[in-house]
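For reference, the chains in residue letters:
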Amino acid sequence: MELPTTNIDLGHEKIGNEKEGGPLLHCDLCDTELVHKLAQMFLPGLASACVDNTTGDPFKSPGSVAVDLRKEMIDFLTQRSESFVAESVILEADPDGEVLDHPFDIISYFVDEFVNSKRNLLSQVSGWLLSELREDKIDDFVQEMEMNGFWSLDRREKVAETLLKNVDFKNSFHCSMSFNSAEDLANHVDNCNFRPMICQNEGCNARFSTGQLKEHDSTCPFKIIPCEQKCTDSIIRREMDRHCITVCPMKLVNCPFYAVGCQSAIAQCLVGKHCSDDLHSHLLHMLKGIHREASGEDLKRRVEKIVQASSSSRLAEAHDVRSLKIIVKDLEAKLGPLEMSDMEKTSAETVVKSEDSSTKTKGGEQSTQALNSSDKAETSAILNKNSAENAVNNKDGEHKENGK
């Protein structure tokens, strides 16, 4: 069945009970963002009811029941919303009763109730309700209704406004002001916090009430704002993170001399200034790696001599370890060996002497061990010689006795 492309007025106007002689004109403005959100929910709800109502029926399709179910859905939601206030009072008196608070949750619950009531026997099977085939059919029917202009967005928003006014008994999401004259009403509408507006930021089409402008403006992804890292650029909010970690000149980077000991983190655009301002510190870090035995005072004096021996601009222009090390090596060759203080010399000599004495001690022990070994060898040779002579003498004595 072809879906109708024309719309009929299906909105329901809530008529309040007014005392005789009371205000006749009411401000009908509502929370624009919430109304739009509710209107977007209605179409999938209707599609679900149509699909579940015709599942397994060879003579019906979702499109063939769409018109009738739409009317039934609007009547059902209107009746439920009008009785909601009385039901909520009863539930509040019941300690076990659960009362929904937000209008979107309340109306969503009503839509689910309607969809459940329209399921036929086949569609009530849990396997069907959880199947991907059901979801695909619902999505396809939603697209079909949108393409045919069935139940347009503005018509759904009219229904949403009526339902919102019925369930929003705290007047948090719609205006409750009333006026005696059209002039007073018109003056109010121009300044009403629920007056609808569209975001003025380029690329953003968000719709909301005037009272929500500040909240939306603080999160709008299309709003142009100053760089969070205080550079001179202004960027749309959704591109801020990419800007800050890629091209922002104020992006924090490690010092080029991090490898030799400088732990500073500086803005990318201030690297040159940092290298110039901290030149003495970078030279000291580098010399510590070259002259490990030197004291801090000796290294500081060496830094001063290096700075005096070269133009400060030449040293400051070295923005990496390699280039600065080349300059320092050239200057070190011109300045000659590092001059160490007397205390350092004495300390160094003591270290050398202790090393020499330990070497000599080890050598003496080795020579003593060699002498002891040679003495043992000589003693062993003498004992062996005496043993041989005794053996010869014994044999001669035996021969003489045999001769007698």
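Residues numbered from 1 in each chain as written. Predicted model: local features only at pLDDT ≥ 70, side-chain atom pairs only at ≥ 80, totals over all residues. Heavy atoms only, no water.

### A closer look at the overall build of the chain
Short version of the rule: Comment: elements are numbered from the N terminus, with helices defined as DSSP H or I runs of at least four residues and strands as E runs of at least two. Buried, partly exposed and exposed residues are distinguished by accessible area as a fraction of the type maximum, computed with a 1.4 Å probe on protein chains only: under 20%, between the cut-offs, and over 50%, respectively. In this description, contact between two residues means that some pair of their heavy atoms is separated by no more than 4.5 Å. Per-residue and other accessible areas follow the Shrake-Rupley method at a 1.4 Å probe size, with only the shown protein chains counted as cover for residues.
Counting its regular elements, the chain contains 16 helices and 8 strands. Across the 404 residues in the chain, those meeting the buried criterion constitute 32%. Restricting to contacts in the chain with at least 6 residues of sequence separation, those with at least 24 account for 60%. As displayed, the chain offers around 25,900 Å² of accessible surface, 52% of which is attributable to carbon and sulfur atoms.

### Brief notes about the nonpolar core
Basically, it comes down to this: Here, nonpolar core means buried Ala, Val, Leu, Ile, Met, Phe, Trp, Tyr and Cys residues that are tied together by side-chain atoms lying within 4.5 Å of each other.
In terms of nonpolar packing, the biggest core is built from 39 residues, with F42, L46, M73 and W151 touching the most fellow members. For this core, the secondary-structure elements that each account for two or more residues are α1 (32-54), α2 (62-82), α4 (103-117), α6 (132-147) and α7 (153-167). Broken down by element, this core gets its largest block of residues, 11 residues, from α1. If we skip the residues at most four places from it in the chain, F42 touches M73, L77, I107, V111, W151, R156, V159, A160 and L163. Formed by 24 residues, the second largest nonpolar core is a distinct cluster that contains C255, L299, V307 and V321.

### Considering the packing of α1 against α4
Spelled out, the test is: To obtain each axis, a line is fitted to C-alpha atoms, and for helices this fit is confined to the stretch in contact; angles are then taken between N-to-C directions over 0 to 180 degrees. Roughly parallel means an angle under 35 degrees; roughly antiparallel, over 145; roughly perpendicular, 65 to 115; everything else is oblique. Helix crossings are classified by the rotation of the near helix relative to the far one: an anticlockwise turn of less than a right angle makes the crossing left-handed, while a clockwise turn makes it right-handed.
It is at 9 Å that the axes of α1 and α4 come closest, and there the two elements cross at 10°. The orientation of α1 relative to α4 falls into the category roughly parallel. Here the hand of the crossing between α1 and α4 comes out right-handed. Within the contact between the two elements, α1 uses L34, K37, L38, M41, F42, G45, S48, A49 and D52 and α4 uses P103, F104, I107, S108, V111, F114 and V115.

### Notes on the confidence of the model for the chain
Threshold: In predicted models, pLDDT denotes the confidence assigned by the predictor to each residue on a 0 to 100 scale.
Looking at the chain, the pLDDT average stands at 81 and 75% of residues meet or exceed 70. When mean pLDDT is taken per element in the chain, strand β5 (residues 224-226) scores highest with 96 and helix α16 (residues 342-403) scores lowest with 51. Throughout residues 5-20 the model reports pLDDT below 50, and contacts reaching past four residues in sequence, or to other chains, amount to 26 contacts. Scored below 50 in pLDDT, residues 397-404 shows 0 contacts in the model against residues more than four places distant or in partner chains.

### Section: the packing of helix α13 (residues 296-309) against helix α15 (residues 321-335)
When two helices pack together, their arrangement is given by the angle between the helix axes and the distance between those axes. Packing of α13 against α15 brings their axes to within 10 Å, and their N-to-C directions diverge by 100°. When the axis of α13 is compared with that of α15, the two are roughly perpendicular. On α15, the residues that touch R302, K305, I306 and A309 of α13 are V328, L331, E332 and L335.

### Comments concerning a negative patch on the surface
In plain terms, the rule: The patch calculation keeps residues exceeding 30% relative accessible area without a salt bridge and links them within 9 Å when they carry like charges or within 5 Å when they are nonpolar (Val, Leu, Ile, Met, Phe, Trp, Tyr). In what follows, salt bridge is the name for a side-chain nitrogen of Lys or Arg lying within 4 Å of a carboxyl oxygen of Asp or Glu. In this count, Lys and Arg are taken as positive residues and Asp and Glu as negative ones, while His and the chain termini are left out. Every charge is mapped to an atom, namely NZ of Lys, CZ of Arg, CG of Asp or CD of Glu.
A cluster of acidic side chains, namely E132, D136, D139, D140 and E144, defines a negative patch on the protein surface. Tracing the sequence through the fold places D139 in helix α6. Classification of D139 as partly exposed rests on a relative accessible area of 42%.

### Details of the side chain of D31
To keep things clear, this is the line we draw: Here a polar contact is recorded for every N or O atom pair within 3.5 Å, except that within protein the pair must consist of a potential hydrogen donor and a potential acceptor, and residues adjacent in sequence are included only if both atoms are side-chain atoms.
Structurally, D31 is set in the loop between β1 (25-26) and α1. The side chain of D31 is buried and forms no salt bridge, while K37, the nearest opposite charge, is found at 9.9 Å. Here Q212 takes part through its side chain, which lies 2.8 Å from a polar atom of the side chain of D31. If near-sequence neighbours (up to four positions away) are discounted, D31 is found in contact with L164, F173, F194, S209 and Q212.

### Here we look at the state of the cysteines
Which entries qualify depends on this criterion: Criterion for a disulfide: a pair of cysteine sulfur atoms within 2.5 Å.
For the structure on display, the rule yields 0 disulfides. With no disulfide of its own, C27 lies 3.6 Å from the sulfur of C175, the closest cysteine sulfur. For C27, a relative accessible area of 4% puts it in the buried group. Between C220, a free cysteine, and C204, which holds the nearest cysteine sulfur, the sulfur-to-sulfur gap is 3.8 Å. With relative accessibility at 0%, the residue C220 sits in the buried group.

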